[in-house]
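The residues making up each chain are set out below.
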Amino acid sequence: QVRLVESGGGLVQAGGSLRLSCAASERIFSINEMGWYRQAPGKQRELVAVITSGGSTNYTDSVQGRFTISRDNAKNTVWLQMNSLTPEDTAAYYCNADVQYYTGLRLTRAILWGQGTQVTVSS
């Protein structure tokens with residue numbers, strides 16, 4: 001099946017670090033843009049970071065300088081390294097990818113979401 005599988009969330013004290021990973025299934029032929037979103041209780045889902053197939057990145061202002069998004073195209077995997085975490089970073093984190101995959105001889109485009117991984121930062 002074509003899917004994204006996330007891991008790496010957990011409980012960490014303020015100032016600590018976590019590294020999230022998101023792996024696409026081997027059925028996926030290629031991935032264009034890939035990003036990380038987060039959603040805290042009572043808040044809208046927001047884009048945290050995005051990376052293109054060529055490696056260009058963008059970040060929301062609140063995480064600039066603390067978070068780093070990276071990818072390995074050969075492994076269809078993206079990571080989010082999170083440093084200097086604060087309680088404001090507490091949220092469910094979701095990866096998202098614009099992908100193409102073959103069904104028989106047909107190349108299909110789809111937007112995929114990971115299942116979510118919880119990040120909780122204590123003070």
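Predicted model only: the values in this text are computed from it and were never measured.

**Structural notes on the overall build of the protein chain**
Okay, so step 1: The helix and strand tally for the protein chain stands at 0 helices and 11 strands.
Okay, so step 2: Sequence-ordered secondary structure for the protein chain, helices as α and strands as β, is β-β-β-β-β-β-β-β-β-β-β.
Okay, so step 3: Radius of gyration (C-alpha) of the protein chain: 15 Å, near the 14 Å computed for a compact globule of 123 residues.
Okay, so step 4: For the protein chain, the spread of C-alpha atoms along the three principal axes comes to 55 × 25 × 25 Å.

**Section: a nonpolar patch on the surface**
Okay, so step 1: A cluster of nonpolar side chains, Phe29, Tyr102 and Leu107, forms an exposed patch at the surface whose accessible area comes to about 310 Å².
Okay, so step 2: Along the chain, Leu107 falls in strand S10 (residues 106-113).

**Section: the packing of aromatic side chains**
Okay, so step 1: Taken as a whole, this structure holds 2 aromatic pairs when the rule is applied.
Okay, so step 2: On the numbers, 5.3 Å between centres and 75° between planes, the contact of Phe29 with Tyr102 is edge-to-face. One end of the pair, Phe29, is in strand S4 (residues 28-39); the other, Tyr102, is in strand S9 (residues 91-103), and 73 residues separate them in sequence.
Okay, so step 3: A centroid spacing of 5.0 Å and a plane angle of 55° characterise the contact between Tyr37 and Trp113, whose relative ring orientation is tilted. Taken as a pair, Tyr37 in strand S4 and Trp113 in strand S10 lie far apart in primary sequence, 76 residues in all.
Okay, so step 4: Above the face of the Tyr94 ring, Arg45 is positioned so that its terminal group lies 4.2 Å from the ring centre.
Okay, so step 5: Lying over the aromatic face of Trp113, Arg45 brings its terminal NZ or CZ to 4.9 Å of the ring centre.

**A few points about unusual backbone geometry**
Both trends apply: most residues other than glycine have a negative phi, and most peptide bonds are in trans.
Okay, so step 1: A positive phi angle, close to 50°, is found at Asn76, a residue other than glycine.
Okay, so step 2: Mapped onto the elements, Asn76 comes out in the loop between strand S7 (67-72) and strand S8 (77-82).
Okay, so step 3: Not every positive phi belongs to a glycine, and Ser84 is a case in point at roughly 50°.
Okay, so step 4: Note that Ser84 resides in the loop between S8 and S9.

Calculation rules
- Residues numbered from 1 in each chain as written.
- Predicted model: local features only at pLDDT ≥ 70, side-chain atom pairs only at ≥ 80, totals over all residues.
- Heavy atoms only, no water.
- Helix = DSSP H or I, 4+ residues; strand = E, 2+ residues; numbered from the N terminus.
- Rg over C-alpha atoms; globule rule 2.2 N^0.38 Å.
- Patch = residues over 30% accessible without salt bridge, like charges linked within 9 Å, V, L, I, M, F, W, Y side chains within 5 Å.
- Areas by Shrake-Rupley, 256 points an atom, 1.4 Å probe, with all protein chains shown as cover.
- Salt bridge = Lys/Arg side-chain N within 4 Å of Asp/Glu carboxyl O.
- Phe/Tyr/Trp six-rings, centres within 6.5 Å; stacked < 30°, edge-to-face > 60°.
- Lys NZ or Arg CZ within 6 Å of the ring centre and 35° of its normal.

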